[in-house]
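Observations on chain architecture
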Amino acid sequence: MIRVGVLGARGRVGIEVCKAVEAAGDLDLVAAVDKDDPIERLEGAEVVVDFTHPDVVMGNLEWCISHGVHPVVGTTGFDAARLASVRGWLDANPGVNALIAPNFGIAAVLMMHFAQQAARYFESVEIVELHHPNKADAPSGTARRTAELIAEARRKAGSAPMPDATSSQLDGARGAEVEGVHVHAVRLAGLIAHQEVLLGGDGEILTIRHDTMNRSSFTPGVLLGVRRVRELPGLTVGLEHLLDL
Ligand SMILES: NC(=O)C1=CN([C@@H]2O[C@H](COP(=O)(O)OP(=O)(O)OC[C@H]3O[C@@H](n4cnc5c(N)ncnc54)[C@H](OP(=O)(O)O)[C@@H]3O)[C@@H](O)[C@H]2O)C=CC1
Ligand SMILES: O=C(O)C1=N[C@H](C(=O)O)C[C@H](O)C1
């Protein structure tokens, strides 16, 4: 049995993660911790799953790693500086590993992978992500990561800069730019989490779309991470590394 703790246990995703851990025969939910609960309740866990908030996740990670607990993190808001801090904590605590994945949905990971594969064949690529209005960060972690993967594919292929004659604009009209890829964020009541990657070439458009229909869709990926994190050395970013794509 793997002893598992959950941070953000009363949140939208945390509730689903707790249910999935409790239902798994090889996992033991030893602590369900939310805001204002003492983090020390996680002592005794081997793996901790974090679905909290970008403002608190770094403190949670530092605590877990310094206490010898392997974190599996779904919380978003990671940039290069944050990832470097995590690597520093892991270096100081050899034997502790961490998995950070901007999206644990298997179909979402495939959507990112397909977008990365397709990117080099098109002149233009833009991302539209659409989420529920309670989301703290924009653009989403998934959109940021997709843009980074697309940018990397285009760099490797030597792609020309994307055509764009915009010479005047209202602030934000062209979205945010992540490594040269435009990302547009919609926040709308009724949505959960959705993304379109629009790829345009000469007379053709390819749209790759992913829709999250419920939050239990994240749990198979989370459980995969929980089962595997102890054998993944250091920091792993992205569930794709566990999927043999
Ligand atoms: N990687 C992935 O596949 C996915 C990632 N996410 C990300 O996960 C994060 C959480 O999303 P979601 O579940 O929708 O958010 P919620 O706000 O529903 O849940 C977060 C929970 O964490 C609690 N919390 C806040 N601070 C702490 C703390 N210091 N310690 C423990 N718990 C705390 C919150 O309490 P309170 O409400 O009282 O503040 C809340 O109950 C977001 O960053 C989101 O983008 C979401 C879906 C999938
Ligand atoms: O906040 C959410 O809901 C989600 N957050 C993640 C992100 O920022 O990409 C994953 C998914 O989009 C749901």
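Here the residue numbering is sequential within each chain, running from 1 through the sequence in written order. The lettering of chains begins at A and the numbering of ligands begins at 1, in the order of writing. Given that the model is predicted, a residue must reach a pLDDT of at least 70 before its local features are reported, and side-chain atom pairs must reach 80 or more before they are shown or counted; all residues, however, enter totals for whole chains, interfaces and linings. Only hydrogens and water are set aside when side-chain values are computed; all heavy atoms of the structure are taken into account.

Remarks on the domain arrangement of the chain
In plain terms, the rule: Residue ranges for the domains originate in an automatic or database domain assignment. The contact definition used throughout considers only heavy atoms, calling two residues in contact when any of these lie within 4.5 Å. Accessible area that two parts lose when put together, with a 1.4 Å probe and added across both, is what the buried area reports. Just to be clear on terms, a salt bridge is a Lys or Arg side-chain nitrogen sitting within 4 Å of an Asp or Glu carboxyl oxygen.
For the chain, the assigned domains are domain 1 (2-100 + 216-242) and domain 2 (106-213). When each unit is reduced to the centre of its C-alpha atoms, the spacing between domain 1 and domain 2 is 27 Å. Counting residues at the interface gives 13 residues for domain 1, matched by eleven residues for domain 2. Here domain 1 packs against domain 2, burying approximately 910 Å² in sum over the two surfaces, 59% of which is carbon and sulfur. When residues of domain 1 are sorted by the area they lose upon contact with domain 2, Arg 12, Thr 76 and Glu 240 head the list and together hold 41% of the total. Summed over the shared surface of domain 1 and domain 2, the result is one salt bridge. Arg 145 is the salt-bridge partner of Glu 240, the closest N and O atoms lying 3.7 Å from each other.

Re the sheet that holds strand β6 (residues 124-131)
The strands making up a sheet associate through backbone hydrogen bonding, with each pair oriented either parallel or antiparallel. Inclusion rule: Two strands pair under a simple rule: DSSP has to find at least two bridges between them. The helix count covers DSSP runs of H or I at least four residues long, the strand count covers runs of E at least two residues long, and both are numbered beginning at the N terminus. Every angle, taken between N-to-C directions, lies between 0 and 180 degrees, and every axis is a line fitted to C-alpha atoms, over only the stretch in contact when it is a helix.
Taken together, the five strands give an open sheet; going across it, the order is β7-β8-β6-β9-β10, and neighbouring strands pair in mixed fashion. In the strand order of this sheet, the two ends are held by β7 (176-178) and β10 (204-212), each with one partner. Pairs of neighbouring strands in the sheet enclose a mean axial angle of 25°, with direction left out of account. Along the sheet face, helix α4 (residues 106-118) touches β9 (193-201) and β10 and points at about 160° away from the line of β10. The strands touched by helix α5 (residues 141-157) within the sheet are β6, β7, β8 (181-187) and β9, with β6 carrying the most contacts at an inclination of about 170°.

Here we look at the UniProt feature "binding site: (S)-2,3,4,5-tetrahydrodipicolinate" (unreviewed entry) in the chain
For the record, the criterion: UniProt positions are given in the numbering used here, feature names are shortened, and annotations may be inferred rather than shown by experiment. Lining residues are those with an atom within 4 Å of a point, where the points come from a 1 Å grid over the protein atoms alone and group into cavities, where a 1.4 Å probe fits but cannot get out, or pockets, open sets with protein on both sides within 12 Å along at least five of seven lines. Only protein chains enter the calculation, and the probe is 1.4 Å; a residue is then buried if its accessible area is under 20% of its type maximum, exposed if over 50%, and partly exposed in between.
The UniProt record marks His 132, Gly 141 and Thr 142 with the feature "binding site: (S)-2,3,4,5-tetrahydrodipicolinate" (unreviewed entry), using the residue numbering of this structure. Considering only the residues just annotated, the largest cavity is lined by Thr 142. When residues no more than four places from it in sequence are discounted, the contact partners of Gly 141 are Thr 76 and Pro 102. Looking at the element boundaries, Thr 142 is found in helix α5. By relative accessible area, Thr 142 is classed as buried at 7%.

Side note on the site of ligand 2
Stated formally: Being near a molecule or strand, for a residue, comes down to having at least one heavy atom within 4 Å of it. The definition of a polar contact used here is a pair of N or O atoms within 3.5 Å, where within protein one atom must be able to donate a hydrogen and the other to accept one, and adjacent residues in sequence count solely through side-chain atom pairs. In these tables, accessible area is a Shrake-Rupley quantity obtained with a 1.4 Å probe, and a residue counts as shielded only by the protein chains included in the view. For a molecule to be placed in a cavity or pocket, more than half of its atoms must lie within 2 Å of the grid points of that cavity or pocket. Here the term charged refers only to Asp, Glu, Lys and Arg, the term nonpolar to Ala, Val, Leu, Ile, Met, Phe, Trp, Tyr, Cys and Pro, and the term polar to all other amino acids, Gly among them.
Neighbouring ligand 2 are Thr 76, Pro 102, Asn 103, His 131, His 132, Lys 135, Ser 140, Gly 141, Thr 142 and Ala 193. Between an oxygen atom of ligand 2 and a side-chain N or O atom of His 132, the distance comes to 2.9 Å. For ligand 2, the protein covers 85% of the area, taking 320 Å² as the surface of the free molecule. According to the grid-proximity analysis, the pocket containing ligand 2 is the largest pocket. Looking at side-chain class alone, the shell around ligand 2 contains two nonpolar, seven polar and one charged residues.

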